[in-house]
Amino acid sequence: MATRKQVKEDIKQRLRIKIRGYDHKILDISTRQIVETAMRANAEIAGPVPLPTETRRYTVNRSTFVHKDSRDQFEIRVHRRLVDIFNPTPKLIDALTNLTLPAGIDVEIKM
């Protein structure tokens, strides 16, 4: 049985990629591009894991003064995915930084 220290030594580095976007279809396409890039480099991958969708709701008055009861409601949904890449190579990191993703997608990479 492996001890906790041995497990930590086995996984020396982890690249955690958080992907956020408003449109879930474009987000899934971008996530697929990232995973395929990592697969071409023969990397060990965990994910993509769908994280909870953040919903922001806004209520705005239609009129400026008298008609307070008349309002519009809007909502923005932020979809998120999480991908972990274990023991990345410098070639893989370079390929991920040069990856062209669609507009509206935010990618955050942590070592």
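Description of the structure in this document.

Conventions used here
- Residues numbered from 1 in each chain as written.
- Predicted model: local features only at pLDDT ≥ 70, side-chain atom pairs only at ≥ 80, totals over all residues.
- Heavy atoms only, no water.
- Helix = DSSP H or I, 4+ residues; strand = E, 2+ residues; numbered from the N terminus.
- Buried < 20%, exposed > 50% of the residue type's maximum accessible area, 1.4 Å probe, protein only.
- Contact = heavy atoms within 4.5 Å.
- Areas by Shrake-Rupley, 256 points an atom, 1.4 Å probe, with all protein chains shown as cover.
- Polar contact = N/O pair within 3.5 Å; in protein donor to acceptor, adjacent residues only side chain to side chain.
- Salt bridge = Lys/Arg side-chain N within 4 Å of Asp/Glu carboxyl O.
- Pairing = 2+ DSSP bridges.

Here we come to the overall build of the protein. Scanning the protein for helices and strands turns up 3 helices and 4 strands. When its helices and strands are written in sequence order, the protein yields α-β-α-β-β-α-β. Within the protein, buried positions represent 22% of all 111 residues. Restricting to contacts in the protein with at least 6 residues of sequence separation, those with at least 24 account for 74%. Carbon and sulfur atoms form 51% of the exposed surface of the protein, whose accessible area is close to 8,500 Å².

Now for the side chain of His-79. Take His-79: it is sitting in strand β3 (residues 71–86). Within polar-contact distance, the side chain of His-79 engages the side chain of Thr-53 at 3.4 Å. Setting aside anything within four residues of it in sequence, one finds His-79 in contact with Ile-19, Arg-20, Gly-21, Tyr-22, Asp-23, His-24, Leu-27 and Thr-53.

Our next topic: the pattern of salt bridges. Tallied over the full model, the rule gives 8 salt bridges. Measuring nitrogen to oxygen at the nearest pair gives 2.9 Å for the salt bridge that ties Asp-84 to Arg-16. One end of the pair, Asp-84, is in strand β3; the other, Arg-16, is in strand β1 (residues 14–21), and 68 residues separate them in sequence. We classify Asp-84 as buried; its relative accessible area is 9%. A salt bridge links Glu-54 to Arg-56; its shortest N-O distance comes to 3.0 Å.

Let us look at the pairing of β3. One ladder, built from 8 bridges, connects β1 with β3; its direction is antiparallel. Residue pairing for β3: Leu-15 is matched across the bridge by Ile-85. Relative to β3, strand β2 (residues 44–61) runs antiparallel, the two being bridged by 14 bridges. Bridging across to β3, Glu-54 finds its partner in Val-78.

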